[in-house]
Amino acid sequence: MATAAESYALQLKLIDSKIAKSNSNIAYYKKKIAGTKSKATKASYQKRIDAETKVLNTNTASRATTQNKYWEASGQYDKLLSGANRDAYQALNSLFGGYGLGSLTGKIYQYIQN
């Protein structure tokens, strides 16, 4: 049975492939627009680009959420923090790790987050 981190890693790969496919489709339709003279055909391709852009935006937002869940499930809490919060987390994690209490990393993260 896969761990939560492994499951999120697989989800990330799937989302990445969807994002790549959307980018490829958008590039394809842009080339088609450039190569056609018909306004109706251009409008049709633009509608496809707009639809694909919506899919791309949805997948990009989903990727960010899944990435955060992956970092949390894999214990990479420092990647979830920024600035002073990250510095505080790293200081506390280093201190507790020196005393052999590194398993408290999740609790430290929750404390810093609040």
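Residues numbered from 1 in each chain as written. Predicted model: local features only at pLDDT ≥ 70, side-chain atom pairs only at ≥ 80, totals over all residues. Heavy atoms only, no water.

Tallied over the full model, the rule gives one salt bridge. Across the pair D16 and R63 runs a salt bridge whose closest N-O atoms are separated by 2.5 Å. Here D16, found in helix α1 (residues 4–34), pairs with R63, found in helix α2 (residues 39–73); they are 47 residues apart in sequence, far enough to count as distant. In this structure D16 comes out as partly exposed when scored by relative accessible area, which is 31%. Assessed through its relative accessible area of 25%, R63 is described here as partly exposed. (Salt bridge = Lys/Arg side-chain N within 4 Å of Asp/Glu carboxyl O. Helix = DSSP H or I, 4+ residues; strand = E, 2+ residues; numbered from the N terminus. Buried < 20%, exposed > 50% of the residue type's maximum accessible area, 1.4 Å probe, protein only.)

Now for the packing of aromatic side chains. Applying the stated criterion across every chain, the model contains two aromatic pairs. Between Y28 and Y29, the aromatic rings sit 5.3 Å apart at their centres with planes inclined by 65°, giving edge-to-face as the arrangement. (Phe/Tyr/Trp six-rings, centres within 6.5 Å; stacked < 30°, edge-to-face > 60°.)

The next thing to look at is the side chain of S22. Secondary-structure assignment places S22 in helix α1. Among the polar contacts listed, one links the side chain of S22 to the side chain of E52, at a separation of 2.8 Å. (Polar contact = N/O pair within 3.5 Å; in protein donor to acceptor, adjacent residues only side chain to side chain.)

Take the side chain of N59 next. Note on placement: N59 falls in helix α2. Among the residues examined, N59 registers a relative accessible area of 12% and is labelled buried. Setting aside its immediate chain neighbours within four residues, N59 contacts I15, K18, I19 and S22. (Contact = heavy atoms within 4.5 Å.)

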